[in-house]
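Observations on the model geometry
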Amino acid sequence: MVKTQISGIMTYQDAVLALDAGADALGFDLNPRSEYHVAPAAVREIADRLPPFVPVVGIFHNEFNFEALRSMVEAAKVSVVQLDGNESADYCRQFSAWRLVKKLRVGDDFDVTRVKTYPVSAVLLEGDSPDGQGGRLFDWRFAAAAKQYVRVILSGGLTSENVATAIRTVKPYAVNVREGVESAPGRKDRIKLQTFMLEVERGRQEAARSTTGRLPRLDL
């Protein structure tokens, strides 16, 4: 079953909204330079109030001081670490104590075999952008091809209008959404969350009963 991560959670209220809608995991941005930043102590306060067995994902971006990052992970009480920057495969090898997700930005020249080099539980793929920030739709054939090497979390530009198609065609391990379920940056919208999760479920059902709609093979 395709899982769903709701990222950009900033308050306990939005965490509850996401879980009530059916989210499987919650992403908290621990990058101090992000507009979605939540301090480690605040993340821990939210995590302590959540039901058991809810994965709390701590998202970092180019935090290359491993000891500082480990301190934040422990202070925030996160169960999964997600690295969103330019972290190398060698750097990722230091994270054996945690489940690790590495985000990779996909452009037209993306080398799918690159995903094999990262010692991670999954890679999160999203489209690259001119400013290098990612967050856009991309050619999903890259994601379908990457699945032969590693679990794939599909991200970038997903909304209730396209997530069912994404799930049906790519059959990823999970999908990730942030802006697509917001009324404003950092504020989750109940209706958008519910609609998104309904479309996720529709995509799951269509993927389970049909082999049509698959993407053509990507020549590597």
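The structure under discussion appears in the preceding block.
We now turn to the structure provided with this report. (Residues numbered from 1 in each chain as written. Predicted model: local features only at pLDDT ≥ 70, side-chain atom pairs only at ≥ 80, totals over all residues. Heavy atoms only, no water.)

1. Some thoughts on the layout of surface pockets
Within this model, the second largest pocket holds a volume of roughly 330 Å³. Considering the residues around the second largest pocket, the lining is formed by 17 residues, among which Lys-3, Ala-25, Val-80, Arg-99 and Tyr-173 are closest to the centre. Listing elements by their share of the lining of the second largest pocket, those giving two or more residues are β1 (3–6) and β5 (99–106). Each residue belonging to the lining of the second largest pocket can be placed in one class, and the counts come to 10 nonpolar, 3 polar and 4 charged. (1 Å grid on protein atoms, 1.4 Å probe; cavity = no way out; pocket = protein on both sides within 12 Å on 5 of 7 lines; lining within 4 Å. Points joined across faces, edges and corners; volume = space filled by probe spheres on them. Helix = DSSP H or I, 4+ residues; strand = E, 2+ residues; numbered from the N terminus. Nonpolar A, V, L, I, M, F, W, Y, C, P; charged D, E, K, R; others polar.)

2. Here we look at the sheet that holds β1
The parallel closed barrel is built from 8 strands, whose spatial order is β1-β2-β3-β4-β5-β6-β7-β8. Strand-to-strand twist across the sheet, computed as the mean angle between neighbouring axes with direction ignored, equals 30 degrees. (Pairing = 2+ DSSP bridges. Axes fitted to C-alpha atoms, helices over the stretch in contact; angles between N-to-C directions.)

3. A few points about the packing of helix α6 (residues 163–170) against helix α7 (residues 190–209)
Running from N to C, α6 and α7 point in directions that differ by 25 degrees, and their axes come no closer than 7 Å. On the basis of their axis angle, the class for α6 and α7 is roughly parallel. Like other packed secondary-structure pairs, α6 and α7 cross with a definite hand, here right-handed. Between α6 and α7, the contacting residues are Val-163, Ala-164, Ile-167 and Arg-168 on the first element and Phe-196, Glu-199, Val-200, Arg-202, Gly-203, Arg-204, Glu-206 and Ala-207 on the second. A class-by-class count of the residues in the contact of α6 with α7 yields 6 nonpolar, 1 polar and 5 charged. (Parallel < 35°, antiparallel > 145°, perpendicular 65-115°, else oblique. Left-handed = near helix turned anticlockwise from the far one by under 90°. Contact = heavy atoms within 4.5 Å.)

4. A short note on the environment of Ser-71
Among the structural elements, Ser-71 can be located in helix α3 (residues 66–76). A sequence separation of 31 residues divides Ser-71 from Pro-40, and the C-alpha atoms of the two residues are 9.2 Å apart.

5. Regarding unusual backbone geometry
The phi torsion at Phe-53 lies on the positive side, around 70 degrees, for a residue other than glycine. Here Phe-53 shows up in the loop between α2 (40–49) and β3 (56–60). At Lys-77, a residue that is not glycine, the phi angle is positive and equals roughly 60 degrees. Looking at where Lys-77 falls in the secondary structure, it is placed in the loop between α3 and β4 (80–83). On the basis of relative accessibility, which here comes to 43%, the residue Lys-77 falls in the partly exposed class. (Buried < 20%, exposed > 50% of the residue type's maximum accessible area, 1.4 Å probe, protein only.)

6. Things to note about the nonpolar core
Within soluble globular proteins, side chains that are nonpolar tend to cluster in buried spots. If you look at the biggest cluster of nonpolar residues, it comprises 64 residues, and the most contacted ones within it are Leu-26, Leu-83, Phe-95 and Leu-125. Filtering out sequence-adjacent residues up to four positions away, Leu-26 remains in contact with Ile-6, Ile-9, Ala-15, Ala-18, Leu-19, Leu-50, Val-54, Pro-55, Val-56 and Val-57. Judged by nonpolar contacts, the second largest core, of 9 residues, contains Ala-25, Ile-59, Val-80 and Ala-174. (Core = buried A, V, L, I, M, F, W, Y, C linked by side-chain atoms within 4.5 Å.)

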